[in-house]
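# Breakdown of the fold
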Amino acid sequence: GAVVSQHPSRVICKSGTSVKIECRSLDFQATTMFWYRQFPKQSLMLMATSNEGSKATYEQGVEKDKFLINHASLTLSTLTVTSAHPEDSSFYICSARDSGWGAAGELFFGEGSRLTVL
Amino acid sequence: AQKITQTQPGMFVQEKEAVTLDCTYDTSDPSYGLFWYKQPSSGEMIFLIYQGSYDQQNATEGRYSLNFQKARKSANLVISASQLGDSAMYFCAMTSWMDSSYKLIFGSGTRLLVRP
């Protein structure tokens, strides 16, 4: 079964609203989680590294105020797309590594969340 | 900076035949890991195989093998005895173990279609 769960799997919202996507590690602790964005038929682009108890590290070109990331516990990271617009419509995927295994730990991916902004 | 390149946007293979998906990478770090993932139309990311930069032997996992040529900086995925269920997007990815975040960077992907 899935060890990293994302919710919601699909969300449709109106332009201008904010949408929160949750990423949970189900049976392990993850001090670090990663958020990716994938446009149709394209690759996964790393948006940010989510660090438990501290600020996220954003990749170049990703708007920090647009994509708010909170990693308040060892099993939960949230991505909030603020004031969403149609160009934010995409597939968002999170991943997490079991902190107990350090670098050798396998990276687990969530099922992804498809956001459609009308 | 790390870079992953997959030059084959799409590939066809006949069922039961073998296919090689190309991947080249660029990094100045001596310690790194190379990964292959499969993404079916459902969107989930399925881990296939891993190769460490210091591994002496090529990684194998069932029908998947990784042809690791360090000097050429290539890490091609070989799928033997293709099955219809192998039709999917395949992504090569790498992480530098020198970067404390261990973030994973992906290539552009190759769409594989297995013909019956």
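Provided above is the structure to which this section pertains.
Report follows, based on the coordinates. Note that the structure is predicted; figures quoted are calculated from it, not measured.

Quick look at the interface of chain B and chain A now. Often the size quoted for an interface is simply the accessible area lost on bringing the parts together. Residue-level contacts link 16 residues of chain B with 18 residues of chain A. Taken together, both faces of the contact between chain B and chain A bury some 1,400 Å²; the carbon and sulfur share is 60%. Taken together, the links from chain B to chain A amount to one salt bridge. Between Lys103(B) and Glu59(A) there is a salt bridge whose closest N-O contact spans 3.1 Å. The interface formed by chain B and chain A contains five residue pairs in polar contact (both at pLDDT 80 or more). Grouping the constituent residues of the side of chain B that touches chain A by class yields nine nonpolar, five polar and two charged.

This part covers the sheet that holds strand 7 (residues 67-73) of chain A. Two modes of strand pairing occur in sheets, parallel and antiparallel, and in both the strands are linked by backbone hydrogen bonds. Residue and element names in this part refer to chain A. Taking strand neighbours across the sheet as the criterion, the four strands line up as 1-3-8-7 in an open arrangement whose pairing is antiparallel. The open sheet is flanked by strand 1 (4-7) and strand 7, the only strands paired with a single partner. Each strand of the sheet is rotated relative to its neighbour by a mean of 15 degrees, with strand direction disregarded. Sheet topology note: the strand 1/strand 3 (residues 19-25) ladder contains four bridges and is antiparallel. From the neighbouring strand, serine 5 faces strand 3, where its bridge partner is arginine 24.

Conventions used here
- Along each chain, residues carry numbers from 1 onward, in the same order as the chain's sequence is written.
- Written order determines the labels here, with chains lettered from A and ligands numbered from 1.
- For a predicted model such as this one, the threshold for reporting local features is a pLDDT of at least 70, and the threshold for listing and counting side-chain atom pairs is 80 or more; totals across whole chains, interfaces and linings nevertheless cover every residue.
- Note: side-chain values were computed over all heavy atoms of the structure, leaving out hydrogens and water.
- Every residue pair with non-hydrogen atoms within 4.5 Å of one another is taken to be in contact.
- Summed over both partners, the accessible area (1.4 Å probe) lost when two parts come together is defined as the buried area.
- Note on definitions: salt bridges are taken to be side-chain nitrogens of Lys or Arg within 4 Å of carboxyl oxygens of Asp or Glu.
- As used in this structure description, the phrase polar contact means that two N or O atoms lie within 3.5 Å; if the pair is within protein, one of them must be able to donate a hydrogen and the other to accept it, and residues adjacent in sequence are counted only when both atoms belong to side chains.
- Ten residue types, Ala, Val, Leu, Ile, Met, Phe, Trp, Tyr, Cys and Pro, are classed as nonpolar, four, Asp, Glu, Lys and Arg, as charged, and the remainder, Gly among them, as polar.
- For two strands to be treated as a pair, DSSP must find no fewer than two bridges joining them.
- Each helix is a run of DSSP H or I of at least 4 residues and each strand a run of E of at least 2, with the numbering of both proceeding from the N terminus.
- Fitted lines through C-alpha atoms serve as axes, helices being fitted only where they are in contact, and the angles separating the N-to-C directions of these axes extend from 0 to 180 degrees.

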